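Spelled out from the first residue to the last, the chains are:
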Number of protein chains: 2
Amino acid sequence: MTSNRSVPTLYDVAKTAGVSTATVSRCLNSPEQVVEHTRKRVLEVVHQLGYTPNFGARAMAAKRTYTIGAVIPTMENAIFARGLQAFQEELRARGYTLLVSSSAYDPQIEEEQIRALIARGADGLLLIGHDRTETVAEYLEKQGTPALAAWSFEEKGALPSVGFDNRRAMQALAEEVLALGHQRIGVISGITSGNDRARRRVEGIRDAVAGAGLAENCVTVVETPYDIANGADAFATLMHAADRPTAVMCGNDVLAAGALKAAREMGVCVPHDVSVTGFDDIELAGILSPSLTTVHVPHREMGRKAAQALMSMVQHGTSGKTALLETHVCLRGSLAAPGGL
Amino acid sequence: MTSNRSVPTLYDVAKTAGVSTATVSRCLNSPEQVVEHTRKRVLEVVHQLGYTPNFGARAMAAKRTYTIGAVIPTMENAIFARGLQAFQEELRARGYTLLVSSSAYDPQIEEEQIRALIARGADGLLLIGHDRTETVAEYLEKQGTPALAAWSFEEKGALPSVGFDNRRAMQALAEEVLALGHQRIGVISGITSGNDRARRRVEGIRDAVAGAGLAENCVTVVETPYDIANGADAFATLMHAADRPTAVMCGNDVLAAGALKAAREMGVCVPHDVSVTGFDDIELAGILSPSLTTVHVPHREMGRKAAQALMSMVQHGTSGKTALLETHVCLRGSLAAPGGL
DNA sequence: GCGCAAAATGTAAGCCGTTGCATTAAGTTA
DNA sequence: TAACTTAATGCAACGGCTTACATTTTGCGC
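Residues numbered from 1 in each chain as written. Chains lettered and ligands numbered in written order. Predicted model: local features only at pLDDT ≥ 70, side-chain atom pairs only at ≥ 80, totals over all residues. Heavy atoms only, no water.

Visitor: Outline the relation of the copies chain A and chain B, listing residues and values.
Guide: Between the two copies of this chain, the relationship is a rotation about some axis together with a displacement along it. The transform that puts chain A on chain B rotates by 179° and translates by 0.4 Å along the axis, for an RMSD of 0.7 Å. In short, the pair behaves as if placed about a two-fold rotation axis. Rotation axis and chain A: the residue whose C-alpha lies nearest the axis is G56 of chain A, separated from it by 1.7 Å. An overlap of 93% is found between the interface residues of chain A and their copies at the interface of chain B, pointing to a shared contact surface. (Least-squares fit on C-alpha atoms with pLDDT ≥ 70 in both. Contact = heavy atoms within 4.5 Å.)

Right under this line is the structure:
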């Protein structure tokens, strides 16, 4: 049997404390406007009654919620975790609450979640990447809710962005791979449709290959959802092909973890028989064996900067300055010259 | 420059369609009450104006939001990811939206987040574990918002729970370890203060030790936050002690991953020189080498059942039936008899 | 002790939906 | 066609808070 005492309202507090609702409201929102002893008394009553402002009412009256929403593709792996954590810490320090929801990499669900978050009064939105339908852009525009795209830098995107250049980052890694003499590159990419990060990374590899003067068909790409098991399957597929690659570049560390697992199970030695690389440099990369060559992404810095940029959009209505972050290649044990040379 | 057209309201729609606000509201919420041609006209206007109901106003008027909140200790590792994903899927199928926030294992922040979510109108709450102050319990009671504790089953907890018995689960694993002949057990636990799961797991180990007739001081416990790096440090600490343990049991797979990493770096061979175990059986466990002996937790099932239980509390006001899920020990390469016997 | 500016507090008008109840339109039956 | 039932719609109160503006207190200089 749940309690029947109804939740106390501003009015209850005001009555009990013997002041007007306006004063109570001010005690909560701009305490400096209320004289010490009044404030103290009111806050006491607030505490005593266990009063919490009704959010809906507040949002309606004030038109802001001190809430930031984020829609990320997945919570299932750690790709976004660290950046999001930093993002949240920064927001919290400024009195904002972060609400997260995930889209399972489904544009339809993403749109739903965006609407849900905006409807719930989010003052600003953090989204991942730039691939999004016209509808969404229009909706955001119309609602006038500032939104920022992260994990991917795009000069001319529909949204201002804080992120890195996925294409160049992967290109740099591919150049290292090619410099070692690899000539047949297998690529395990995430699903590129609706995912600009994944697409750009593949492009980066092709850039490097072209830059090295190799033929396009040196590269074999397999697309699969980001997931360890899928990475393992894709690796097996690549290794069973007629022309085994000597290096397998993965779209992220999770896929690479799967590739390494499959290699171990197939008795393929990394890096002697085949090299494997990842992308993201999540903590996972360091505990694999061999440890994973990958691209380091400054997740925490990205989260922090994204928060700052979004805050400034929300608070000062600025149009949001984009920020391009640097990544760097992390050479580790999983990459070597072909044939163990 | 953002758009100035203000967001259309119910009133705008009503005016444009030439009906009352009540009729528009009914078109949206109980269409069967409105005659076909009126409904059609209204919905057309809704679409044309791009109208979205104001959530705050709706929540205030209707007193429900079709939103469920979850406060989890961390998003940084995958411990809660899979279960939460299943939880969300189940909710979504029933027309509910899930909003997640994280507490960084800080009770203070957890309380803040609970309030934030309830204030935002969450119809129900998913919390992790049972350690929570009196204040929180009272608050939840007073607000009359149903809440469910997951990841930990407790018959007599303040909240109904869907989860497993952390103590027995770990005890079962410890019994396997002891059966192999280990007599000095190192334990790397998460911080037990405010974390009943961590505490119960340590208790489970002690139960097993006592059950095997060994002295209490066979067990050395180190507490550290859940994190790969901390797991590594703790492992080093344990191995540098006078009486090296022959088996190190970790509070979860993440700590165990750190332990394995440290072992590799220290040149300690697992399982020959020392055995290592984890808890949770997250995907990580399968890609480590040696692969990790751990306790398998049915994450997806737990998420699904939690959603069902919470939904029934929210929708029918039932008091919430608790559910105890089964776990099982997963024996893998990281555990062997002491001294490689 | 008076007059006045500044500080503190109060008053009341929204904000945008939902819904109980009243009213009107439509449909049925004799 | 009158009388009456039922379906469709409208009216308006209400929910809890913020804030512009009005009013009362306080503090200070003379």
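Visitor: Describe the pairing of strand β7 (residues 219-223) of chain B, with residues and values.
Guide: All names here are of chain B. In terms of strand pairing, strand β6 (residues 185-189) meets β7 through 5 bridges, oriented parallel. Considered in β7, the bridge of V187 is made with V221. What joins β6 to β7 is helix α9 (residues 196-211), and the crossover it makes is right-handed. (Pairing = 2+ DSSP bridges. Helix = DSSP H or I, 4+ residues; strand = E, 2+ residues; numbered from the N terminus. Right-handed = clockwise from strand over helix to strand, strands pointing away.)

Visitor: Account for the packing of aromatic side chains, naming residues and giving values.
Guide: In the structure shown here, the tally under the stated rule is 8 aromatic pairs over all chains. A ring pair is formed by F80 of chain B and W151 of chain B, whose centres lie 5.2 Å apart and whose planes are at 65°; its orientation type is edge-to-face. Taken together, the residues F80 of chain B in the loop between β1 (67-72) and α5 (81-93) and W151 of chain B in the loop between β4 (147-150) and β5 (161-164) connect sequence positions 71 residues apart. For the pair F80 of chain B and W151 of chain B, a shared accessibility class is recorded, and that class is buried. Ring geometry for Y105 of chain B and Y226 of chain B: centres 5.6 Å apart, planes at 55°, overall tilted. Taken as a pair, Y105 of chain B in the loop between β2 (97-102) and α6 (107-119) and Y226 of chain B in the loop between β7 and α10 (228-240) lie far apart in primary sequence, 121 residues in all. A relative accessible area of 33% places Y105 of chain B in the partly exposed class. When the ring centre of F279 of chain A is taken as origin, the NZ or CZ atom of R201 of chain A, which lies over that ring, is 3.8 Å away. (Phe/Tyr/Trp six-rings, centres within 6.5 Å; stacked < 30°, edge-to-face > 60°. Buried < 20%, exposed > 50% of the residue type's maximum accessible area, 1.4 Å probe, protein only. Lys NZ or Arg CZ within 6 Å of the ring centre and 35° of its normal.)

Visitor: Can you explain the packing of helix α1 (residues 10-17) of chain B against helix α3 (residues 36-49) of chain B? Please cite residues and give values.
Guide: Residue and element names in this part refer to chain B. Where α1 contacts α3, the axes come no closer than 9 Å and their chain directions differ by 125°. One element, α1, and the other, α3, form an angle in the oblique class. Crossing angle aside, the handedness with which α1 passes α3 is right-handed. Contacts between α1 and α3 involve D12, V13, T16 and A17 from the former and R41, V42, V45, V46 and L49 from the latter. Grouping the amino acids of the contact of α1 with α3 by side-chain chemistry returns 6 nonpolar, 1 polar and 2 charged. (Axes fitted to C-alpha atoms, helices over the stretch in contact; angles between N-to-C directions. Parallel < 35°, antiparallel > 145°, perpendicular 65-115°, else oblique. Left-handed = near helix turned anticlockwise from the far one by under 90°. Nonpolar A, V, L, I, M, F, W, Y, C, P; charged D, E, K, R; others polar.)

Visitor: Tell me about the pattern of salt bridges, and name the residues and values.
Guide: All names here are of chain A. With the rule as written, the count across this model stands at 34 salt bridges over all chains. R115 is paired through a salt bridge with E111; the nearest N and O atoms lie 3.4 Å apart. Taken together, the positions of R115 and E111, both in helix α6 (residues 107-119) and 4 residues apart, correspond to about one turn of that helix. Taking the shortest distance from any N to any O, the salt bridge between R200 and E203 comes out at 2.9 Å. (Salt bridge = Lys/Arg side-chain N within 4 Å of Asp/Glu carboxyl O.)

Visitor: If you had to explain the confidence of the model for chain A to someone new, which residues and values would you point to?
Guide: When pLDDT is low, close inspection of the predicted coordinates is not appropriate. Residues at a pLDDT of 70 or more form 98% of chain A, whose mean pLDDT is 91. Taken as a whole, residues 1-5 of chain A scores under 50 in pLDDT and shows 6 contacts with residues more than four places along the chain or in a different chain. (pLDDT = per-residue confidence, 0-100.)

Visitor: Tell me about the sheet that holds strand β7 (residues 219-223) of chain A, and please be specific about residues and values.
Guide: Think of a sheet as strands paired side by side through backbone hydrogen bonds, with each pair either parallel or antiparallel. Residue and element names in this part refer to chain A. As summarised here, the arrangement of the 4 strands in space is β7-β6-β8-β9, forming an open sheet in which the pairing is parallel. Of all the strands in the sheet, just β7 and β9 (275-277) have a single pairing partner and so form its edges. Neighbour-to-neighbour, the strand axes of the sheet open up by a mean angle of 15°, direction not taken into account. Sitting on the sheet, helix α8 (residues 166-179) touches β6 (185-189), β8 (247-250) and β9, and the angle it makes with β8 is about 170°. Taken strand by strand, helix α10 (residues 228-240) contacts β6, β7, β8 and β9, and its axis lies near 155° from that of β6.

Visitor: Which residues make up the protein's contact with DNA strand D, and what values go with them?
Guide: Surveying the vicinity of DNA strand D reveals 28 residues, the closest of which are L10, S25 and Y51 of chain A together with T23 and T38 of chain B. In the interface set of DNA strand D, defined as its atoms within 4 Å of the protein, sugar plus phosphate atoms amount to 62%. At 3.0 Å, a backbone N or O of N54 of chain A approaches a phosphate oxygen of DNA strand D. Within the contact set of DNA strand D, a phosphate oxygen lies 2.3 Å away from a side-chain nitrogen or oxygen of T38 of chain B. Of the residues forming the surface near DNA strand D, the biggest block, 5 residues, is contributed by helix α4 (residues 55-62) of chain A. (Near = heavy atom within 4 Å. Polar contact = N/O pair within 3.5 Å; in protein donor to acceptor, adjacent residues only side chain to side chain.)

Visitor: Tell me about the domain arrangement of chain A, residues and numbers included.
Guide: Domain boundaries assigned for chain A yield domain 1 (10-53), domain 2 (66-164 + 298-327) and domain 3 (166-297 + 329-340). Centre-to-centre, using C-alpha coordinates, domain 1 of chain A lies 60 Å away from domain 3 of chain A. (Domains from an automatic or database assignment.)

Visitor: Kindly report on the interface of chain A and chain B, identifying the contributing residues and their values.
Guide: Listed by partner, the interface residues are 57 residues for chain A and 54 residues for chain B. Taking both sides of the interface into account, the surface hidden between chain A and chain B amounts to around 4800 Å²; carbon and sulfur atoms contribute 53%. Counting the surface chain A buries against chain B, the share from its top three residues, R120, K142 and I287 of chain A, is 15%. One can count 4 salt bridges joining chain A with chain B. For the pair chain A and chain B, the number of links is 15 residue pairs in polar contact (both at pLDDT 80 or more). Among the secondary structure elements, those contributing two or more residues to the side of chain A that touches chain B are α4, α5 (81-93), β2 (97-102), α6, α7 (134-143), α10, α11 (253-266) and α12 (284-287) of chain A. (Buried area = accessible area lost by both parts, 1.4 Å probe.)

Visitor: Go over the protein's contact with DNA strand C, please, and point to the residues and values.
Guide: The environment of DNA strand C is formed by 28 residues, the closest being T23, R26 and T38 of chain A together with L10 and S25 of chain B. Those atoms of DNA strand C that come within 4 Å of the protein belong to sugar or phosphate at a rate of 61%. Note that a phosphate oxygen of DNA strand C is positioned 2.8 Å from one of the backbone N or O atoms of S20 of chain A. L10 of chain B is positioned such that a nitrogen or oxygen atom in its backbone is 2.6 Å from a phosphate oxygen of DNA strand C. Broken down by secondary-structure element, the contributors of at least two residues to the surface near DNA strand C are α2 (21-29) and α4 of chain A together with α2 (21-29) and α4 (55-62) of chain B. Taken together, the residues of the surface near DNA strand C sort by class into 13 nonpolar, 10 polar and 5 charged.

Visitor: Before we move on, can you summarise empty space enclosed by the protein with the specific residues and values?
Guide: Applying the stated criterion to the full structure yields 7 cavities of 30 Å³ or more. Taken as a whole, the largest cavity encloses approximately 420 Å³ of empty space. Along the wall of the largest cavity there are 25 residues; nearest its centre are N77 and A78 of chain A together with N77, A78 and L284 of chain B. Listing elements by their share of the lining of the largest cavity, those giving two or more residues are α12 of chain A together with α5 of chain B. With 3 residues, the single largest contributor to the lining of the largest cavity is α5 of chain B. For the lining of the largest cavity, the per-class residue count stands at 13 nonpolar, 5 polar and 7 charged. Considering only enclosed or pocket space, the second largest cavity measures out at about 90 Å³ in volume. In terms of lining, the second largest cavity is formed by 14 residues, of which the most central are M75, N77 and A81 of chain A together with M75 and A81 of chain B. At the level of secondary structure, the elements contributing two or more residues to the lining of the second largest cavity comprise α5 of chain A together with α5 of chain B. Residue classes in the lining of the second largest cavity are distributed as 10 nonpolar, 4 polar and no charged. (1 Å grid on protein atoms, 1.4 Å probe; cavity = no way out; pocket = protein on both sides within 12 Å on 5 of 7 lines; lining within 4 Å. Points joined across faces, edges and corners; volume = space filled by probe spheres on them.)

Visitor: Account for the layout of surface pockets, naming residues and giving values.
Guide: Of the pockets and cavities examined, the second largest pocket occupies roughly 660 Å³. Lining of the second largest pocket is provided by 33 residues; of these, P73, S103, A104, Y105 and D106 of chain A occupy positions nearest its centre. Mapped onto the lining of the second largest pocket, the elements with two or more residues apiece are β1 (67-72) and α6 of chain A together with α5 of chain B. Examining the composition of the lining of the second largest pocket, we find that 4 residues originate from one element, α6 of chain A, more than from any other. Looking at the lining of the second largest pocket residue by residue, the class counts come to 12 nonpolar, 11 polar and 10 charged. Residue-level mapping places the lining of the second largest pocket at the junction of two domains, with at least three residues from each of domain 2 (66-164 + 298-327) and domain 3 (166-297 + 329-340) of chain A.

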